Amino acid sequence: MSSGLLSRRSLRGATALRGGGAWRPGPYLVFGFLYWLVMSLAYWAAPLCCEAGLHAAVIERLRVDLWHPRHPLADLPGAGSPYYSPYAVAQGVFARLTGLGGWEVVRLAGPLNLLVLLTGLGRLVRVLTPRPWAPVLALPVLLMTGDLGSPAAFAVGLTLWAWALTGARARNDGALRYVGPSGLPGIAGYVGPGVLYGAVLLVDPVTAVGAVAGAVAFVAGWQRGWGRAVGVRWAVTAGVAVLVAAGWPYFDLVAPERVPVPWRFWPALVGLSALWSRGRRDPLTLMFVLGCPVAACGYGGIAGLVALVCAAALELAAPRPWGARRRVYAGVVAAVACLGLLTVPRPAAPPTYEWAARHIGRGEVVLTADRHAALALAGFGANLVPPGPVAKGHEPDVRAYLAPASTRADRAAVVRRHRVRWLLLTRQDRVPEEAVVVAWSARTGEVLARVVGPVPAPVTTR
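Residues numbered from 1 in each chain as written. Predicted model: local features only at pLDDT ≥ 70, side-chain atom pairs only at ≥ 80, totals over all residues. Heavy atoms only, no water.

### Quick look at the sheet that holds strand β4 (residues 435-440)
Strands in a sheet are paired, the pairing made by backbone hydrogen bonds, and the direction either parallel or antiparallel.
Move 1: Judged by pairing direction, the sheet is mixed, and its five strands sit side by side in the order β2-β1-β3-β5-β4 without closing on themselves. Each having just a single partner strand, β2 (383-384) and β4 make up the two edges of the open sheet.
Move 2: Sheet analysis places strand β1 (residues 365-368) next to strand β3 (residues 420-425), joined by four bridges and oriented parallel. Directly across from V365, in β3, lies its bridge partner V420. (Pairing = 2+ DSSP bridges. Helix = DSSP H or I, 4+ residues; strand = E, 2+ residues; numbered from the N terminus.)

### Comments concerning the pattern of salt bridges
Move 1: Summed over all chains, the structure comprises 11 salt bridges.
Move 2: A salt bridge links R63 to E60, with the nearest nitrogen and oxygen atoms 3.3 Å apart. Of the two residues, R63 and E60 are both situated in helix α3 (residues 51-64); the distance of three residues between them amounts to about one turn of the helix.
Move 3: Residue E433 pairs with R408 through a salt bridge whose shortest N-O separation is 3.9 Å. Of this pair, E433 sits in the loop between β3 and β4 while R408 sits in helix α18 (residues 408-418); the two residues are 25 residues apart in sequence, bridging distant segments of the chain. (Salt bridge = Lys/Arg side-chain N within 4 Å of Asp/Glu carboxyl O.)

### Observations concerning the pairing of β1
Move 1: Taking every second residue as pointing to the same face, both faces of β1 are buried, with V365 and L367 on one and V366 and T368 on the other.
Move 2: As paired elements, β1 and β2 share two bridges and run parallel to each other. Paired with V365 across the two strands is N383, which belongs to β2.
Move 3: Once the chain exits β1 it traverses helix α16 (residues 371-379) before rejoining the sheet at β2, and the crossover so formed is right-handed. (Buried < 20%, exposed > 50% of the residue type's maximum accessible area, 1.4 Å probe, protein only. Right-handed = clockwise from strand over helix to strand, strands pointing away.)

### Some points on helix α8 (residues 191-203)
Move 1: Taking 1.5 Å of rise per residue, 13 residues should cover 18 Å, and α8 covers 19 Å from first to last C-alpha, within 8% of that figure.
Move 2: Along α8, the residues that are buried comprise P193, G194, L196, Y197, G198, A199, V200, L202 and V203.
Move 3: Taken together, the buried residues of α8 touch α4 (86-98), α7 (151-170), α9 (205-222) and α10 (228-246). (Expected span 1.5 Å × (residues − 1). Contact = heavy atoms within 4.5 Å.)

### Quick word on the side chain of D204
Move 1: For D204, the position within the fold is in the loop between α8 and α9.
Move 2: Of the polar contacts made by the side chain of D204, one reaches the side chain of T207; its length is 2.5 Å.
Move 3: In this structure, D204 is in contact with A152 and A155, ignoring residues within four places of it in sequence. (Polar contact = N/O pair within 3.5 Å; in protein donor to acceptor, adjacent residues only side chain to side chain.)

### Remarks on the packing of α7 against α8
Move 1: At a minimum axis separation of 9 Å, α7 and α8 run at an interaxial angle of 160 degrees. Considering their axes alone, α7 and α8 lie roughly antiparallel with respect to each other. Where α7 crosses over α8, the handedness of that crossing is left-handed. Taken together, the residues of α8 that come into contact with α7 (itself represented by P151, A155, L158, T159, W161, A162, W163, L165 and T166) are G192, P193, L196, Y197, A199, V200 and V203.
Move 2: Per-class residue counts for the contact of α7 with α8 are 13 nonpolar, three polar and no charged. (Axes fitted to C-alpha atoms, helices over the stretch in contact; angles between N-to-C directions. Parallel < 35°, antiparallel > 145°, perpendicular 65-115°, else oblique. Left-handed = near helix turned anticlockwise from the far one by under 90°. Nonpolar A, V, L, I, M, F, W, Y, C, P; charged D, E, K, R; others polar.)

### Structural notes on a nonpolar patch on the surface
Move 1: Taken together, the side chains of V30, F31, F33, L34, L37, V38, L41, W44, F94, L108, W133 and L137 make up a nonpolar region of the molecular surface, amounting to roughly 1,100 Å² of accessible area.
Move 2: When its relative accessible area of 37% is taken as the criterion, F31 is described as partly exposed. (Patch = residues over 30% accessible without salt bridge, like charges linked within 9 Å, V, L, I, M, F, W, Y side chains within 5 Å. Areas by Shrake-Rupley, 256 points an atom, 1.4 Å probe, with all protein chains shown as cover.)

### Regarding the nonpolar core
Move 1: L121, W163, M287, V306, L377 and L424 are the most contacted members of the largest nonpolar core, which has 101 residues in total.
Move 2: Sorting elements by how many residues they give to this core places helix α5 (residues 102-128) first, with 13 residues.
Move 3: The contact partners of L377, leaving out residues within four places of it in the chain, are Y353, A356, A357, I360, V366, A382 and L424.
Move 4: Core analysis: the next-biggest nonpolar cluster, separate from the first, contains 14 residues, L367, V414, V415 and A435 among them. (Core = buried A, V, L, I, M, F, W, Y, C linked by side-chain atoms within 4.5 Å.)

### Regarding the packing of aromatic side chains
Move 1: Scanning the entire structure with this criterion turns up eight aromatic pairs.
Move 2: For the pair F31 and W133, a centre-to-centre distance of 5.6 Å together with 55 degrees between the ring planes defines the contact as tilted. Taken together, the residues F31 in helix α2 (residues 27-45) and W133 in the loop between α5 and α6 (134-137) connect sequence positions 102 residues apart.
Move 3: Judged by its relative accessible area of 44%, W133 is partly exposed.
Move 4: Above the ring of W222, the side-chain terminus of R171 is found at 4.3 Å from the ring centroid.
Move 5: Lying over the aromatic face of W322, R320 brings its terminal NZ or CZ to 4.6 Å of the ring centre. (Phe/Tyr/Trp six-rings, centres within 6.5 Å; stacked < 30°, edge-to-face > 60°. Lys NZ or Arg CZ within 6 Å of the ring centre and 35° of its normal.)

The following block contains the structure:
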């Protein structure tokens, strides 16, 4: 045996007992943990409302019946509802195992989603550059996610992970580790990104459009040596994504609802200068070019915004000494960041409806024209007059019941049709003679009234 195999490196000092150098956390681990802690506490301190009530309602329906949940907002069949994504089903399983309600699970989902976002961002930036401070400077990307407890936040985190894996595969990073029996390198390693893209498509189709734009940018920017093997590998990724999305048993994919372009993220435009210097074949440049038309069509701007912020972070993380251009750019970025923080809108705390929910039994029907109140009460397990206020305009029966010219016979027909037990009335609505006020909110002036009489049986037609 050679002497080289028997020799050992001499260890000095306290590290000799541990067999190596002392572990030191990197800057992203330190600042990422602080960011996670502060944002989680802020999320828990802020009152939940509006769309969070819809997510809580989905969990409540799954907690009652995991395999055949009812419609999230009304006493209707829930088959085919796109709200029952893998993310929501996992939350429903957790609620059933722990006995927690929908609102509590949404509260707990915020820090978990933020953890997925932080780890995904760190992995993506490390694929772009080995500079340790670059992920820290890219943390403003996470401000794009909005409500941390929403499925969209989780979908953005999965997208960052999918882009990181796609970028690593496109650069042939570790391709020799995944040699399949057919001799085509990298087949098994391309299944993971496909699973992630399929999951994003199921959880939030709007985010999935931007995710595909980013994937195309990484492949087009970094992939070299196109041929049969390369084509098969990326075909595996696309095929797995389609199979995951098509095989989900709860619903079939439908066209996503268009959303407005998030113009409140205008400070990210400082990344345009950094993108200009990166070249046309750079993945971030391609992400921005592909993400702009996607955002303009109303499908979210995740690809373009991530490209801008990451490009600025990579520019500022460059090693010193800095030239005059980079020093000026750093000053501009700092000024824009401060201005952006000063111009962030501070919305008033939304009203909560625990005061009304404590009187309403699970599954009882509430009639209201207030969309925020309706979603909040649905999160506590109440049903709404179908199809609920999510669609544009209120249900005609709601308008007919609350109309000043409605008669008692007209209102009784609505009550019988939908088995209405409760009314949540605004300041402008009058309390009908057949209802009794049970509670009211001193903050909003809203009134909860109970319809007098037994709950009518549902009307059946043959």
